[in-house]
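# Observations on the model geometry
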Amino acid sequence: MSVVEERDAESASYETAARQYREMDLLRFSTAGSVDDGKSTLIGRLLYDTKSIFADQLEAIEGASRRRGEEGINLALLTDGLRAEREQNITIDVAYRYFATPRRKFIIADTPGHVQYTRNMVTGASTAELAIVLVDARKGVLTQSRRHGFISSLLRIPHVVVAVNKMDLVDYRQDVYDAIVAEYTDFAEKLGIHDLTFIPMSALNGDNVVSRSERLDWYKGSTLLHHLESVNVGADRNLVDFRFPVQYVVRPHQDFRGFAGRVASGTVSPGEEVVVLPSGVVTQVRSVEAFEGPLPQAVEGDSVVVTLADEVDVSRGDMIVRRNNLPTVGSRLDAMICWMGEQPLDPSTPYVIQHTTRSSRAFVSRVVYRIDVDTLHREEAAQLALNDIGRVEVTTSVPLFFDAYQGNRATGSFILVDPYTNVTVAAGMIRGPVQTAEELFPAPPEAQAAAVSPDVVWEGWNVSREEREARNGHGAAVLWFTGLSGAGKTTIAREVERRLFEQGVQTMLLDGDTLRHGLNGDLGFSPADRAENIRRVGEVARLFFAQGAVVLCTFVSPYREDRARVRALIPDGRFLELFIDAPLEELKRRDPKGLYARADKGEVANLTGVSAPYEAPESPEMVLHTDQASVDQAVEEILVRLRAEGILR
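For clarity, every value in this text was computed on a predicted model and none was experimentally measured.

### Describing the overall build of the chain
- Check the secondary structure of the chain and you find 18 helices and 27 strands.
- Burial statistics for the chain: of 649 residues in total, 50% are counted as buried.
- Considering only intrachain contacts with a sequence separation of at least 6, the fraction spanning at least 24 residues in the chain is 72%.
- Carbon and sulfur atoms form 49% of the exposed surface of the chain, whose accessible area is close to 31600 Å².

Right under this line is the structure:
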């Protein structure tokens with residue numbers, strides 16, 4: 001064989017090995033436990049015994065061990081990279097290490113054990129498919145051991161290994177191991193962990209880490225490495241629910257427009273029908289592009305560029321999904337969070353929520369309860385402090401596209417960021433949308449209208465609306481003006497009322513600010529108070545409607561459900577929803593009450609459209625764009641519509 005042939009053969013052999021390496025399964029796992037349980041030593045042992053340490057690394061660790069006066073090699077130094085960690089013999093930061101065996105590739109996250117760094121453990125374990133919780137055989141199951149088990153279950157890590165370490169210090173006694181297994185099994189039954197494995201070992205001496213130990217001959221299970229190589233992780237991927245958060249719009253020239261991102265879950269192929277959120281536009285996938293070229297299919301975890309068959313307005317933060325498999329679209333989240341901020345949670349702070357590629361302002365509108373990790377009992381709490389875990393309700397200023405974390409970790413997770421320091425203060429797992437019993441089991445409209453105090457009997461109207469309409473010479477109606485602050489609701493409504501009054505029409509103008517000075521003066525701006533505000537207004541509007549008047553209601557009324565409830569009080573054809581719309585930039589420029597400027601300074605909480613959500617009408621009777629039409633033009637359009645509806649004769 002010539003030199004050239006030998007070189008070509010070596011190159012082909014290298015390419016084959018590289019391809020086989022790329023195609024190997026990858027397992028991400030984390031290690032956690034109490035301080036000095038031996039996490040770093042265990043990882044060092046795995047790297048050392050699988051010959052995954054470079055010669056210069058080994059020499060450096062040997063030298064460091066000699067300088068510390070230690071006999072042999074301190075394997076923990078392979079992962080304890082910070083000077084503070086080496087000085088204190090503890091793990092502080094999350095250390096990532098990579099190694100491979102002939103059967104599988106691995107990414108290890110060595111997370112801190114001290115309670116002070118629990119937030120780091122959440123960060124390291126957030127992408128793990130398997131968690132190793134170390135327990136010191138001498139100390140047994142500690143608070144941190146329970147905490148890490150609970151966090152593993154909270155993060156829906158499908159496989160958990162409890163490594164009972166330092167068996168050499170208890171003379172490899174089976175009764176010690178059995179007692180720990182019994183105690184932790186009893187605790188884990190409350191967590192819903194489906195795959196829980198126990199392995200006795202000594203990371204320092206290498207017992208049952210890579211090779212079986214004769215000193216633990218009473219244990220008949222697999223070694224840690226064998227378990228890591230054989231555990232099934234492919235079944236845990238979500239290949240059903242296609243979710244593609246758009247990260248970037250690729251436009252290298254006028255003839256190409258693609259949308260870059262990572263397939264969060266599911267699969268996608270050219271020709272499939274998809275929907276773009278939030279616009280709801282239906283189109284088809286024209287192609288799926290990768291660095292290597294067009295792909296017949298992209299699956300969960302692939303970073304690709306998707307092109308669409310139609311010209312659709314898509315930008316960063318939008319999501320492409322299948323038409324018949326949609327995520328939840330909403331602004332109110334029911335979630336579990338781990339609080340990571342040094343300062344306690346502040347319900348008045350407009351945090352920034354980062355969910356997939358979409359960001360928004362968000363308020364923690366309610367702390368439902370805090371969890372005692374030792375007992376798993378729920379405790380009442382008004383706020384959460386560092387390392388607390390609790391259930392909360394989060395309200396966002398724009399709708400998010402999400403799934404429950406239990407079914408989709410990618411679209412079911414989020415972080416909260418302090419807007420003033422840019423520090424990540426919480427990691428959250430979405431349980432679902434906020435739903436009340438009334439929302440889950442709504443009463444029929446007639447039952448809702450009849451919901452009154454006991455022993456109260458309805459008395460019919462003495463003079464009917466029809467009689468009043470005949471005398472007035474016009475029909476009764478409710479005109480509901482909705483839109484953000486500064487859009488022009490009140491300005492237009494006042495001019496409409498003036499024109500109607502001059503024509504002899506009986507009118508009543510109900511304005512949000514006016515009613516909050518009296519009837520609704522006891523209400524704030526929480527979602528519950530906003531709903532009650534609109535409920536009261538709806539009842540007042542119904543009274544004036546029954547009196548035969550044209551009632552003009554000018555309220556931001558941000559929630560579709562609240563507006564729909566008022567609509568249900570009025571007969572069909574007599575309730576007109578008018579969406580008064582203008583771009584947010586234009587509203588901030590107008591800012592007649594100075595609210596937007598104050599909100600940007602953090603002086604106004606829960607300002608709709610900025611720090612609180614607004615759900616635009618889906619099918620309003622009229623849409624008026626006040627950045628394009630004058631007040632007079634808008635008024636004239638409304639009067640024309642009233643005549644067309646037969647309300648004005």
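### Structural notes on the nonpolar core
- Among the nonpolar cores identified, the biggest contains 69 residues, and Phe29, Ile132, Met167, Leu224 and Leu228 are the most heavily contacted of them.
- With seven residues, the single largest contributor to this core is helix α7 (residues 174-188).
- Core analysis: the second largest hydrophobic core is formed by 34 residues, Leu479, Ala493, Leu607 and Ala634 among them.

### Observations concerning the sheet that holds strand β26 (residues 575-581)
- With respect to topology, five strands assemble into an open sheet ordered β24-β25-β23-β26-β27, the strand pairing being parallel. Edge positions in the open sheet fall to β24 (507-511) and β27 (622-625), since each of these has one partner strand only. Looking at each pair of strands side by side, their axes are set apart by 20° on average, direction ignored.
- Two elements, strand β23 (residues 477-482) and β26, share five bridges in a ladder whose sense is parallel. Across the sheet, the residue bridging to Phe481 is Leu578, located in β26.
- The strands touched by helix α12 (residues 489-502) are β23, β24, β25 (550-554) and β26; relative to β24, the strand with the most contacts, the crossing angle is about 170°.
- Most of the contacts of helix α15 (residues 560-567) go to β26, to which it runs at about 150°, and overall it touches β23 and β26.

### Digging into the packing of α12 against helix α18 (residues 631-644)
- With their axes 9 Å apart at the nearest point, α12 and α18 run at an angle of 55° to one another. Of the possible angle classes, the one that applies to α12 and α18 is oblique. Viewed along their axes, α12 and α18 form a crossing whose handedness is right-handed. In this structure, α12 uses Thr491, Ile492, Glu495, Val496, Arg499 and Leu500 to contact α18, whose residues at the interface are Val631, Ala634, Val635, Glu636, Ile638, Leu639 and Leu642.
- When the residues that make up the contact of α12 with α18 are grouped by side-chain class, the tally is nine nonpolar, one polar and three charged.

### Looking at α12
- End to end, α12 covers 20 Å across 14 residues, agreeing with the expected 20 Å (1.5 Å per residue, within 8%).
- Regarding α12, the residues found buried are Lys489, Ile492, Ala493, Val496, Glu497 and Leu500. Down the axis of α12, the buried set is contained in an arc of 135°. They therefore lie on one face. What points out from α12, more than 90 degrees from its buried face, is the exposed set Arg494, Phe501 and Glu502.
- Contact partners of the buried residues in α12: β23, β24, β25, β26 and α18.
- At the C-terminal side of α12, Gly504 shows a positive phi close to 85°.

### Notes on the pairing of strand β10 (residues 273-277)
- With four of its five residues buried, β10 lies for the most part within the structure.
- In the sheet, β10 pairs with strand β11 (residues 281-290) via four bridges, with the strands oriented antiparallel. Opposite Val275, over in β11, you have Val282 as the bridge partner.
- Taking the residues that link successive antiparallel strands as the turn, the β10-β11 hairpin has three residues, and the phi of Gly280 there is positive, at about 80°.
- In the sheet, β10 pairs with strand β15 (residues 319-322) via four bridges, with the strands oriented antiparallel. Across the sheet, Leu277 pairs through a bridge with Met319, a residue of β15.

### Regarding the packing of aromatic side chains
- In this structure the tally under the stated criterion is 11 aromatic pairs.
- Measuring from ring centre to ring centre gives 6.4 Å for Phe242 and Phe244, while their planes differ by 15°; the resulting arrangement is stacked.
- By relative accessible area, Phe244 is classed as buried at 0%.
- Seen from their ring centres, Trp339 and Tyr351 are 5.7 Å apart, and the 75° between their planes marks the pair as edge-to-face.

### Describing the environment of Thr490
- Summarising the element assignment, Thr490 is placed in helix α12.
- By relative accessible area, Thr490 is classed as partly exposed at 30%.
- Sequence separation between Thr490 and Asp513 is 23 residues; the distance between their C-alpha atoms is 10.0 Å.
- Reaching out from Thr490, the side chain makes a polar contact with the side chain of Asp511 at a distance of 2.9 Å.

### As for unusual backbone geometry
- Omega for the bond connecting Leu277 with Pro278 falls within 30 degrees of zero, at 15°, which places this linkage in the cis form.
- If you trace the backbone, Pro278 turns up in the loop between β10 and β11.
- A positive phi angle, near 55°, is found at Arg156, a position not held by glycine.
- In this structure, Asn422 takes a positive phi of about 60° despite not being glycine.
- Looking at the secondary structure, you find Asn422 in the loop between β21 (413-417) and β22 (424-433).
- Overall, the relative accessible area of 64% leaves Asn422 in the exposed class.

### A word on the pairing of strand β16 (residues 328-339)
- Taking burial as the measure, the 12 residues of β16 include nine buried ones, the bulk of the element.
- For β16 and strand β20 (residues 389-402), the ladder comprises 10 bridges, and the chain directions are antiparallel. Bridge pairing in β20 links Ile337 to Gly390.
- Across seven bridges, the pairing between β16 and β22 is antiparallel. Residue Trp339 lies in a different strand from β22, and its bridge partner there is Ala426.

### Observations regarding helix α2 (residues 39-49)
- Within α2, nine of the 11 residues are buried, leaving the element largely enclosed by the surrounding structure.
- Inspection of α2 places Lys39, Ser40, Thr41, Leu42, Ile43, Gly44, Arg45, Leu46 and Leu47 among the buried residues, and these make up the whole buried set.
- One or two positions beyond α2, positive phi appears at Lys51, with a value near 55°.

### Focus: the pattern of salt bridges
- Throughout the structure, instances matching the rule amount to 34 salt bridges.
- Between Arg215 and Asp207 there is a salt bridge whose closest N-O contact spans 2.9 Å.
- The exposure class of Arg215 is partly exposed, given its relative accessible area of 46%.
- A salt bridge links Glu273 to Arg323; the nearest nitrogen and oxygen atoms lie 3.3 Å apart. Of this pair, Glu273 sits in strand β10 while Arg323 is found in the loop between β15 and β16, placing the two residues 50 residues apart along the sequence.
- Overlapping salt bridges, with partners in common, bring together Arg465, Glu466, Glu469 and Arg574 in one network.

### Concerning the confidence of the model for the chain
- Per-residue pLDDT for the chain averages 84, and the proportion of residues at 70 or more is 85%.
- Taken element by element, the chain is modelled with least confidence in helix α4 (residues 83-88), mean pLDDT 41, and with most confidence in β23, mean pLDDT 96.
- Ignoring residues within four places in sequence, the model shows residues 82-93, a span with pLDDT below 50, making 29 contacts including any to other chains.

What counts, and where the lines are drawn
Residues numbered from 1 in each chain as written. Predicted model: local features only at pLDDT ≥ 70, side-chain atom pairs only at ≥ 80, totals over all residues. Heavy atoms only, no water. Helix = DSSP H or I, 4+ residues; strand = E, 2+ residues; numbered from the N terminus. Buried < 20%, exposed > 50% of the residue type's maximum accessible area, 1.4 Å probe, protein only. Contact = heavy atoms within 4.5 Å. Areas by Shrake-Rupley, 256 points an atom, 1.4 Å probe, with all protein chains shown as cover. Core = buried A, V, L, I, M, F, W, Y, C linked by side-chain atoms within 4.5 Å. Pairing = 2+ DSSP bridges. Axes fitted to C-alpha atoms, helices over the stretch in contact; angles between N-to-C directions. Parallel < 35°, antiparallel > 145°, perpendicular 65-115°, else oblique. Left-handed = near helix turned anticlockwise from the far one by under 90°. Nonpolar A, V, L, I, M, F, W, Y, C, P; charged D, E, K, R; others polar. Expected span 1.5 Å × (residues − 1). Arc of directions from axis to C-beta. Phe/Tyr/Trp six-rings, centres within 6.5 Å; stacked < 30°, edge-to-face > 60°. Polar contact = N/O pair within 3.5 Å; in protein donor to acceptor, adjacent residues only side chain to side chain. Salt bridge = Lys/Arg side-chain N within 4 Å of Asp/Glu carboxyl O. pLDDT = per-residue confidence, 0-100.

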